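# Per-entry structural report
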Amino acid sequence: MKRTLGTCYYPEHWPQEIWEQDAARMAALGMTWVRIGEFAWSRIAPSEGIFDWAWMDTAIDILGAAGLKVVLGTPTATPPRWVCDKHPDMFARDAMGHPRGFGSRRHYCFSHAGYLSESKRIVTALAERYGRNPHVAAWQTDNEYGCHDTVLSYSDAAMAAFRHWLRDRYGTITALNQAWGTVFWSMEYDDFDQVDLPNRTVTEPHPAHMQAFRRFSSDQVVAFNRAQVECIRPVSDAPISHNYMGRITEFDHFAVGQDLDFATWDSYPLGFLEDRVGATPEAQRHFARQGDPDFQAFHHDLYRAVGKNRWWVMEQQPGPVNWAPYNPAPLPGMVRLWTWEAFAHGAEAVCYFRWRQAPFAQEQLHAGLLRPDSVAAPGYFEAEHVAEELKECEDIAHQTAPVAIIFDYDAAWAWDVQPQGRGLDYFSLVFALYRAMRKLGLSIDILPPKCRDFGAYRLVCAPGMVVMPDDLKAALSTSGCEVLIGPRSAARDAEFNIPTPLPPAWPNLDVAVSRLETLRPDMPIAIAGGGQCQHWFEHLEGSAETVFETETGLPVVMRSAQISYCGGWGDEVFFERLISDLCDRVNVKIRALPRGVRVRETGTERFWFNHNPHPVTCEAGDLPAAGVIRESL
Ligand code: GAL
């Protein structure tokens, strides 16, 4: 498949007279895709029962006539005022019970039945109108589920739906009491209708209650998305996607992805660096104009799995954004690097957000490919450069990576529910291990927690995966690959109880976590031979072999045959030592890369990326700042 480019366009923001020029310019620039429509509800349906299709018909005709393929977004992230007035209780409520207000976006509650009906109505109307339109070549449902902290809602609608969900899961209230252990603090219930949402309690709510609420909230997103898919499928054969985000773990993306044909995500490397990566101040400064060297790659690999090998970048940062604490401009060359990096990880398409910078409203300081006066902005020329390069480019073949990490949203909720130390979270732990692998030059696959076939891999890691079903343990144990688990893997049963025998209770691995402690940032534990455990340290007992220990002789990693259990959260030095040791055992080649240089292998090429603001020399040769080298294999 040829890799393609696209852009996000809002015809409703611009006078109709310029649509044709815009379309012609997009096509001339080498764009294949144009995404439209995802916030246009107030223009499609200005009031109840009134539809205005004329403008959208024209826009799609013009874009299609220029040779562009349209990705049509459903507009449910922005219910207009009349919908909210009709359903005054459709707003999501925050944990204090306050309703989110009208005047931006994503103000709906996933559990509100009236809003769900409105959504189905608008999506059905859109799908019926354009489902067979030859220019509409793909769909996007809604926009960025979870953006602006909108998955968890503590509304009355959510409470009613949660009780229903609990009834379905537990059958009887006795079963719920038993599963959760509500005898603690006299929290026993007589009826499902007594179970409130886990907010506004005096001190922390029951962890099983919170975990159930997190699972329920994720299921509501899945159901909302599925309802849209069911409106589109009967009238359109075009593939359906959703644009996910960076570091959003509030819903199970794999579950949403099951109903979709491909995944897309929105990549804003500079915004993320300031806002989401959690890098040190020095790294934030060093990579301020380039973005974190691993954060985008992590999501490329994650969404490749969510999309069942079909994925795009739907929104690529083309210049400064408006929403991070600081919003620098990318280093020249980075827009091109980000685009190639996505292709190297298997993206079918990269679309830039947005075509032209808006002179009005919330995002007026967000760059586009064009300035508000339609003059090309710097990102435009980098997109043009990639479009030229793509003309010469053979297909980029997909290849299974030698190493894999399992990513489990349920585990992310469990860590949120019970972090056991300030600031500790699942994403950070998994990302730390991922970073260690990337620093060693590895290409990595991310796997869903339901995966049971590991035959293609030489090393599989499942750090921090709090609930590990027996069949997963068995599949990993018999996979023939090297397996790394811990810290906190298999630490709870499905109902948030500590199992006995004590975790990880792994077949043929005599290791048990006898107690755990979390550590202040200023009290890391030194590991013999180099590196430290920080944040999290488990005391391990059992007869398995100790392969890494603290300077005082406490086991940190214990191993039996091909299963290794790591009881600590390593710093970069220790995690790199651990991954090197495991790769060594299974003959996976690792490299010593200069800081900020990353490698990704496809079936046909080896890509080298320099994320530094200065040139470097690496194995493949000299890389300028923001440089990319493509070696044929
Ligand atoms: C994304 C969103 C877009 C736009 C963009 C700005 O999160 O999907 O609509 O707001 O951010 O960077």
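On the surface, Val-183, Phe-184 and Trp-185 cluster together to form a nonpolar patch covering roughly 390 Å² of accessible area. Of note, Phe-184 is situated in the loop between helix H7 (173-180) and helix H8 (207-232).

As a further point, take the domain arrangement of the chain. Interface size is commonly expressed as the accessible surface area that is lost when the partners come together. Partitioning the chain into domains gives domain 1 (4-150 + 225-390) and domain 2 (403-585). Distance between the C-alpha centres of domain 1 and domain 2: 35 Å. Counting from both sides, the interface comprises 22 residues of domain 1 and, opposite them, 18 residues of domain 2. When domain 1 packs against domain 2, close to 1,800 Å² is buried across both sides, 60% of that on carbon and sulfur atoms. In terms of surface lost to domain 2, no three residues of domain 1 exceed Thr-249, Asp-294 and Phe-298, which account for 37% of the buried area on that side. Between the two partners, domain 1 and domain 2, sit six salt bridges. For the salt bridge of Asp-445 with Arg-304, the shortest nitrogen-to-oxygen distance reads 2.8 Å. At the junction of domain 1 and domain 2, the tally comes to 13 residue pairs in polar contact (both at pLDDT 80 or more). Taken together, the elements giving at least two residues each to the side of domain 1 that touches domain 2 come down to helix H9 (253-258) and helix H12 (295-306). If you tally residues by element for the side of domain 1 that touches domain 2, the top one is H12, at eight residues.

The next subject is the sheet that holds strand S19 (residues 563-566). Strand order across the open sheet formed by seven strands is S10-S9-S11-S12-S19-S18-S17, with mixed pairing between neighbours. At either end of the open sheet lies a strand with only one pairing partner, and these are strand S10 (444-447) and strand S17 (545-549). Across the sheet, the mean angle separating the axes of adjacent strands is 20° when strand polarity is ignored. When strand S12 (residues 482-485) meets S19, the two strands line up parallel, connected through three bridges. When the sheet's bridge partners are listed, Val-483 is paired in S19 with Ile-563. Contacts from helix H16 (residues 426-439) reach strand S9 (403-406), S10, strand S11 (459-462) and S12, with the element oriented near 175° to S9.

With that out of the way, let us pick up the site of the ligand. Within the structure, the ligand sits among Phe-39, Arg-105, Asn-143, Glu-144, Asp-266, Tyr-268, Glu-315, Trp-323, Phe-353, Glu-363 and His-366. One of the side-chain N or O atoms of Trp-323 is found 2.7 Å from an oxygen atom in the ligand. Take Glu-363: an N or O atom from its side chain is 2.3 Å from an oxygen atom of the ligand. When each cavity is represented as a set of grid points, the ligand is found to reside in the largest pocket.

What follows is about the layout of surface pockets. Think of a ball as big as a water molecule: rolled over the atoms, this probe shows where empty space is left. As a volume, the largest pocket reaches approximately 1,200 Å³. Phe-39, Thr-78, Ser-104, Arg-105 and Glu-363 are the residues nearest the centre of the largest pocket, which is lined by 43 residues in total. Looking at the lining of the largest pocket, the elements with two or more residues in it are helix H2 (41-44) and helix H10 (269-275). Across the lining of the largest pocket, the residue classes break down as 16 nonpolar, 15 polar and 12 charged. In this structure, the second largest pocket spans a volume of roughly 980 Å³. Around the second largest pocket, the lining is made up of 38 residues, and of these Gly-278, Thr-280, Gln-534, His-535 and Glu-572 lie nearest the centre. Considering every element that reaches the lining of the second largest pocket, the biggest residue donor is H16, with six residues.

Segments scoring low in pLDDT should not have their predicted coordinates read at a detailed level. For the chain, the average pLDDT comes to 97, and 100% of its residues sit at 70 or higher. No element of the chain has a lower mean pLDDT than H10, at 91, and none a higher one than strand S3 (residues 69-73), at 99.

Here we come to the packing of aromatic side chains. Per the stated rule, a full pass over the model turns up 54 aromatic pairs. Aromatic pair Tyr-108 and Phe-110: ring centres 5.0 Å apart, planes at 70°, arrangement edge-to-face. You can call Phe-110 buried: its relative accessible area is 7%. Above the ring of Trp-415, the side-chain terminus of Arg-488 is found at 4.6 Å from the ring centroid. Lying over the aromatic face of Trp-340, Arg-630 brings its terminal NZ or CZ to 4.4 Å of the ring centre.

This structure, assessed with the given rule, holds three cavities of 30 Å³ or more. Space inside the largest cavity adds up to approximately 40 Å³. If you trace the largest cavity, you find it lined by Cys-109, Phe-110, Ser-111, Val-151, Ser-153, Ala-158, Phe-216, Ser-217 and Gln-220. Tallying contributions element by element places H8 first for the lining of the largest cavity, with three residues. Residue classes in the lining of the largest cavity are distributed as five nonpolar, four polar and no charged. A volume near 40 Å³ is recorded for the second largest cavity. Along its surface, the second largest cavity is lined by Phe-343, Ala-344, His-345, Gly-346, Ile-396, Ala-397, His-398, Gln-399, Arg-600 and Thr-602. Residues of the lining of the second largest cavity, tallied by class, amount to four nonpolar, five polar and one charged.

Ranked by internal contacts, the top residues of the largest apolar core, which has 181 residues, are Trp-139, Leu-166, Trp-180 and Trp-340. Here this core gets 11 residues from one element, more than from any other, and that element is H8. Of the residues that make up this core, three or more belong to each of domain 1 (4-150 + 225-390) and domain 2 (403-585). Ignoring sequence-local partners within four residues, the contact set of Trp-139 consists of Val-71, Leu-72, Leu-126, Ala-127, Tyr-130, Gly-131, Ile-232, Ser-236, Ala-238, Pro-239, Ile-240 and Ser-241. In this structure, Ile-406, Leu-472, Cys-481 and Met-558 belong to the second largest nonpolar core, which totals 26 residues.

Along the polypeptide, His-398 turns up in the loop between helix H14 (378-392) and S9. A residue is classified by how much of its surface remains accessible, and His-398, at 44% relative accessible area, is partly exposed. It is 43 Å that separates the C-alpha atoms of His-398 and Tyr-170, two residues lying 228 residues apart in sequence. Sequence-distant contacts of His-398, defined by excluding residues within four places in its chain, comprise Arg-304, Asn-309 and Gly-603.

Thresholds, definitions, all that
- Residues numbered from 1 in each chain as written.
- Predicted model: local features only at pLDDT ≥ 70, side-chain atom pairs only at ≥ 80, totals over all residues.
- Heavy atoms only, no water.
- Patch = residues over 30% accessible without salt bridge, like charges linked within 9 Å, V, L, I, M, F, W, Y side chains within 5 Å.
- Areas by Shrake-Rupley, 256 points an atom, 1.4 Å probe, with all protein chains shown as cover.
- Salt bridge = Lys/Arg side-chain N within 4 Å of Asp/Glu carboxyl O.
- Helix = DSSP H or I, 4+ residues; strand = E, 2+ residues; numbered from the N terminus.
- Domains from an automatic or database assignment.
- Contact = heavy atoms within 4.5 Å.
- Buried area = accessible area lost by both parts, 1.4 Å probe.
- Polar contact = N/O pair within 3.5 Å; in protein donor to acceptor, adjacent residues only side chain to side chain.
- Pairing = 2+ DSSP bridges.
- Axes fitted to C-alpha atoms, helices over the stretch in contact; angles between N-to-C directions.
- Near = heavy atom within 4 Å.
- 1 Å grid on protein atoms, 1.4 Å probe; cavity = no way out; pocket = protein on both sides within 12 Å on 5 of 7 lines; lining within 4 Å.
- Sits in = over half its atoms within 2 Å of the grid points.
- Points joined across faces, edges and corners; volume = space filled by probe spheres on them.
- Nonpolar A, V, L, I, M, F, W, Y, C, P; charged D, E, K, R; others polar.
- pLDDT = per-residue confidence, 0-100.
- Phe/Tyr/Trp six-rings, centres within 6.5 Å; stacked < 30°, edge-to-face > 60°.
- Buried < 20%, exposed > 50% of the residue type's maximum accessible area, 1.4 Å probe, protein only.
- Lys NZ or Arg CZ within 6 Å of the ring centre and 35° of its normal.
- Core = buried A, V, L, I, M, F, W, Y, C linked by side-chain atoms within 4.5 Å.

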